[in-house]
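# Fold and geometry: a report
Here is what each chain is made of, one letter per residue.
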Amino acid sequence: MIIEALIAITFVASMGVLLAPDEWAGRLAAALSLLPVVGSLYMWSRFDATGNALTGGSVAFETTVPWLELGGYTLNWHVGVDGISLPLVVLTTLLSTLAIVSAWASVDDRQSQFYGLMLFMEANLLGVFTALDFFVWFVFWEAVLLPMYFLIGVWGGPRRKYAAIKFFVYTNIASLAMFIGFIALVFGLGDSVSSLDMPAIAGALRAGELGSLFGVPAATLRSVAFVAMFLGFAVKVPIVPFHTWLPDAHVEAPSPVSVMLAGVLLKMGTYALLRFNFTMMPETATQFAVPIALIAVISVIYGAMLALAQQDLKRIVAYSSVSSMGYVILGLIAYTTYGVGGATFQMIAHGLISGLMFMSVGVMYNTTHTRMVGDMSGMADRMPVTTGILVAGAFGYMGLPLMAGFAGEFFIFKGAFASTVHAAMPLFTAVAMFGIVVVAGYLLFAMQRTLFGSFRLETDYEVGPASLHETVPLAVLLVTIIVLGVAPDLFFGMIQDAVDPLLDFGGDLS
Amino acid sequence: MPIQTQLPTWTAVAPTLLLGLTSLVLLFIDSIDPDSTRPAVLAGTAVGGSVLTLAVAGWFLLAGTGQEGGAIELYGGSIVVDGLSLFFTVIFASVAAMVSLASYDYLQDRTYQAEFYALVMLAATGMSLMASSGSLATVFVSLELASLPSYALVAFLKKNRGSVEAGLKYFLVGAVSSAVFAFGISLVYAVTGSLLLSEVASAVGSAGDLVGVAGVGIVMIAGGFAFKTASVPFHFWAPEAYEGAPAPISAFLSSASKAAGFAVAFRVFAVAFPIDAVVPMGIDWPLLFAVLAVVTMTLGNFAAATQENVKRMLAYSSIGHAGYALIGLAALSGGGPNGNVMGASMAHLLVYGFMNTGAFLFIAMVEHWEIGRTFEDYNGLATRAPVACLAMTVFMFSLAGLPPFGGFLSKYALFYGAIQGGFWWLAAVGAINSALSLFYYSRVVKAMWIEDPTGSFDLGATPLGLYVAVMVAAVGTLLLLPAFGPVVETAQSAATALFA
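### Section: the overall build of chain B
In terms of regular secondary structure, chain B is built from 19 helices and two strands. Here the C-alpha radius of gyration of chain B, 21 Å, is about what a compact globule of 500 residues would show, namely 23 Å. Summarising its shape, the C-alpha atoms of chain B cover approximately 70 × 55 × 45 Å along the three principal directions. Looking at the 500 residues of chain B, the share that counts as buried comes to 64%. Look at the contacts in chain B between residues 6 or more apart in sequence, and 81% of them connect residues 24 or more apart. Approximately 16,200 Å² of chain B is accessible, and the part contributed by carbon and sulfur atoms is 67%. The average position of the 16 basic charges and that of the 26 acidic charges among the side chains of chain B differ by 8 Å.

What follows is the structure, given as structure tokens:
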């Protein structure tokens, strides 16, 4: 029942904060959000699942309660975690708390609503990562959009209305495409499934029980549904060419919201890709291996090129997310323990590192009121601690050893080189690795120009060191990144346990 | 032990009687104290009566009255109490309770308050009777009993030109469609020689040469329902009437009155004109409703998308929702999962009862605050009334069918039932319309939360009754997501009983 408790506590906390007066809403939200952090760490310490939640093995903290029955299909309240979802649950709770604390300095308008929405979003994110029934999962999946729409639309920058609506429309249409694709699969399975339970559907699909639907033969149905779902999730990830909502949303969103957007929301897309496309239809995925790998490589290189061309520090970080998520897709399509496991690990690593980057850019913006690389210079003199953390985060992004990003990327490349899904995979991997060079290039270039040299920003106000409550979340993130980089096995072991059963399918891997 | 063996049979209509009795009590209070100086007593009586009705109807529904062991028939089958009638009575009673509660503030400083509540209760009585009608005669009488108070209620603001004009328009269209309806009944009577639905069903199959007459009669009866449910082509009174009427009455008409129209349509068409017998004769009424459903939802949604006035937008979207509910009649076929489809439609009407009533009551609150009616007037309202705007956001997103609100599941169940019956194109049109509706519903949300206030709001004191009613509707809309299971199961078993 601990999962239900986590979700319920966060929901109730969000309502409580919403009704609280503005003066202490931020403090209250941070205090309440510590409860899910403690809960998720407790889950981690007592975690005893082996195997994958969808393809067999035991699931930790599992509950199944019948909810309702519609036309022969039962919908259950079915939640549980395995080695793939647990790290994401921990990431969600941790980043939410840190984002809430980091918002104290920057959000000064309608605070109780802001923090209430942040907690509401956290509750739904926890639901997304723990639900094992498609319907329950979809409810949470869609419900994440609502707070995000408001968080960007109300507290965002000058073009916030445009960005909020673009985000809402893009992701909502994507969800519709995905929903139709998945439901078509369920109908195509006919009598072999009697519920929308994800493990049951995954089992039936992997066993090849898909039939024809409304005269569409099974093979076509499978491919069309795969593509529909892939597109639906690809928008959320996002990968080229569905990434255009992301920079708008990121640049307009307030920094704490960017942290959640990059840190956790993008993971929903890759998590869903892993759970649905790559777990349920591995053969179809390997058939599409070349186009998917191509999309991944293009996302890596093109995202990095776009980042190189930006003048806005936040846009640079935003575009580099496109690049990093390309690595994740590459790892997933590799279909090796290290590839898929590394992709899962990279989700966590990127969540932490991009969170750190957005947060520290936000801290600098709070005092300088600019994010333009050309305007800033010599920030190291005025904000030495923040500068140090930002540089450390950038090194993490570049994949410096002993940081979480290195472990994730290393696993992915190792797995992708060894991949047998297509003969060209090593080539794709080699091209994608070139992305690291570009990443290092633009990050170093941006660091050099903003942080070092002499301070020359002309302002009427004091540009000085960040306050304690701005620095603590950054420090916590940095420590986590280093801990995970030094000891990736804190998570990687359980990830591997959950990933291995996925790879065991009868399909042709060559 | 089943309930009907413990109580006399006539107590099965207790919910309907309670509503009628409440109306009489209100008139009695008014005759003792004609100046209506005690609005709390009047509103309290109306709310109490509705809640009591809700409790009794809910109790009967849960206890299995009229479901286990077949429907309870009274007065030679003219009145039938079964799952369907009780389910719809629950809808009417909840809406009536919320509307009465909200009217307490809305009617402040107005005259004829007792008459207002009495008319609302009388209309609710008529609606409840409509849902229990077992004969075309009771259908007609109860339809008029529900309609006549509604005409008066729409024109209640008699110093307001819009209200009077709306009342007149509603009355004229209503009178014409009543005439059409009555003529349809007479044609069916001419063919079958009976007004009892079950006897009509057994006689209509052997209509012989009179098939044409029966067909015209059935189409005319369908026209009568189209008026009551504000479906195309008898919809054009609705935007005027909903806009001109006092906002609580708009809520009442667009939720309860519409549901009543569907209650009687479900029963009459499912029982009196069985598909297996009528469709082979060439009277394909599911096809008629399929066309009506597609046209109604598309027209309603497109018209709603072009409005600048929030109340008018809601009025048109209410027409769109009539189109969704019509799927419950349109997706029926010989041997299909008819109970599932119709039950899903009933469940949607229940959820709709909460979310749509809530939305109109929010508008009533805005009218009470004298803010204005266009989207621009709503700009930045959330800075002044965050909790009320949160409730309105719940209603808007639920009406659009987004999770995690009740409207999502009820639409899902409805479209799902249609696909199961083989009417995937109907579900597709519904889903596209539903996606389109997000555009205009989110405009309200955007105005309230994201736009900056254009002027300053002077809200004054919080109207407590209205506020509580809006909150009740919002909580109901939210709770109907987890509690949707029993609701849709009850509705579907009630609907399945009709096809047995």
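Still more to cover.
### A short note on the overall build of chain A
Along the backbone of chain A there are 21 helices and four strands. The C-alpha atoms of chain A give 22 Å as radius of gyration, which agrees with the globular expectation for 510 residues (24 Å, within 12%). Each of the three principal axes of chain A carries a C-alpha extent, and together these read 70 × 55 × 40 Å. Counting the 510 residues in chain A, one finds 67% classified as buried. At a minimum sequence separation of 6, the contacts of chain A that also span at least 24 residues come to 80%. Each charge class in chain A can be summarised by its mean position, and for the 19 positive and 31 negative side chains these summaries are 9 Å apart.

### As for the pairing of strand 4 (residues 73-81) of chain A
Working note: regular strand, side chains alternate between the two faces of the sheet. Residue and element names in this part refer to chain A. Counting buried residues in strand 4 gives seven out of nine residues, a clear majority hidden from the surface. Looking at chain direction, strand 3 (residues 60-70) and strand 4 are connected through eight bridges and run antiparallel. By the bridge assignment, L68 is partnered in strand 4 with L75.

### Considerations on the environment of W425 of chain B
Residues and elements named next belong to chain B. If you trace the backbone, W425 turns up in helix 17 (residues 424-450). When its relative accessible area of 36% is taken as the criterion, W425 is described as partly exposed. W425 sits ten residues away from F415 along the chain, and the two C-alpha atoms are 9.8 Å apart. In contact with W425, not counting residues within four places along its chain, are A290 and V294.

### Let's talk about a nonpolar patch on the surface
Residues and elements named next belong to chain B. On the surface, L21, L24, V25 and L27 cluster together into a nonpolar patch covering about 350 Å² of accessible area. Relative to the helices and strands, L24 is located in helix 1 (residues 14-32). Using a relative accessible area of 54% as the deciding quantity, one classes L24 as exposed.

### With respect to the packing of aromatic side chains
Residues and elements named next belong to chain A. In this structure the tally under the stated criterion is 70 aromatic pairs over all chains. Where F134 meets F138, the ring centres are 5.9 Å apart and the plane angle is 25°; that geometry is what we call stacked. Of this pair, F134 and F138 both sit in helix 5 (residues 134-143), separated by four residues, roughly a single helical turn. Classification of F134 by relative accessible area gives buried; the value is 0%. For F138, a relative accessible area of 5% gives the class buried. Looking at R27, its charged tip hangs above the ring of W104, at a distance of 4.2 Å from the centre.

### Description of the packing of helix 15 (residues 386-400) of chain B against helix 18 (residues 464-479) of chain B
Residues and elements named next belong to chain B. One can describe the packing of helix 15 onto helix 18 by two numbers: an axis separation of 9 Å at closest approach and a directional angle of 40°. Between helix 15 and helix 18, the interaxial angle falls into the category oblique. Between helix 15 and helix 18 the crossing geometry is left-handed. Here V387, A388, A391, V394, F395 and S398 of helix 15 lie close against helix 18, whose contacting residues are Y467, V470, M471, A473, A474, T477 and L478. Of the residues assigned to the contact of helix 15 with helix 18, the class counts are eleven nonpolar, two polar and no charged.

### What to know about unusual backbone geometry
The peptide bond linking V237 of chain A to P238 of chain A adopts the cis configuration, its omega dihedral lying at -10°. One can find P238 of chain A in the loop between helix 9 (218-236) and helix 10 (245-252). The peptide bond linking V232 of chain B to P233 of chain B adopts the cis configuration, its omega dihedral lying at 5°. Phi is positive for Y75 of chain B, which is not a glycine, with a value near 50°. Here Y75 of chain B lies in the loop between strand 1 (72-74) and strand 2 (79-81). We classify Y75 of chain B as exposed; its relative accessible area is 62%. Despite not being glycine, Y112 of chain B shows a phi value in the positive range, around 60°. If you trace the backbone, Y112 of chain B turns up in the loop between helix 3 (83-106) and helix 4 (113-131).

### Regarding the pattern of salt bridges
Residues and elements named next belong to chain B. Using the criterion set out here, one finds 15 salt bridges over all chains in the structure. Taking the shortest distance from any N to any O, the salt bridge between E240 and K169 comes out at 3.7 Å. A residue pair is termed long-range when its members are at least 10 positions apart, and E240 in helix 9 (residues 237-244) and K169 in helix 6 (residues 161-192) qualify at 71 residues. Overall, the relative accessible area of 33% leaves K169 in the partly exposed class. A salt bridge links R373 to E243, with the nearest nitrogen and oxygen atoms 3.8 Å apart.

What counts and what doesn't
Residues numbered from 1 in each chain as written. Chains lettered and ligands numbered in written order. Predicted model: local features only at pLDDT ≥ 70, side-chain atom pairs only at ≥ 80, totals over all residues. Heavy atoms only, no water. Helix = DSSP H or I, 4+ residues; strand = E, 2+ residues; numbered from the N terminus. Rg over C-alpha atoms; globule rule 2.2 N^0.38 Å. Buried < 20%, exposed > 50% of the residue type's maximum accessible area, 1.4 Å probe, protein only. Contact = heavy atoms within 4.5 Å. Areas by Shrake-Rupley, 256 points an atom, 1.4 Å probe, with all protein chains shown as cover. Lys, Arg positive; Asp, Glu negative; His and termini not counted. Charge placed at Lys NZ, Arg CZ, Asp CG, Glu CD. Pairing = 2+ DSSP bridges. Patch = residues over 30% accessible without salt bridge, like charges linked within 9 Å, V, L, I, M, F, W, Y side chains within 5 Å. Salt bridge = Lys/Arg side-chain N within 4 Å of Asp/Glu carboxyl O. Phe/Tyr/Trp six-rings, centres within 6.5 Å; stacked < 30°, edge-to-face > 60°. Lys NZ or Arg CZ within 6 Å of the ring centre and 35° of its normal. Axes fitted to C-alpha atoms, helices over the stretch in contact; angles between N-to-C directions. Parallel < 35°, antiparallel > 145°, perpendicular 65-115°, else oblique. Left-handed = near helix turned anticlockwise from the far one by under 90°. Nonpolar A, V, L, I, M, F, W, Y, C, P; charged D, E, K, R; others polar.

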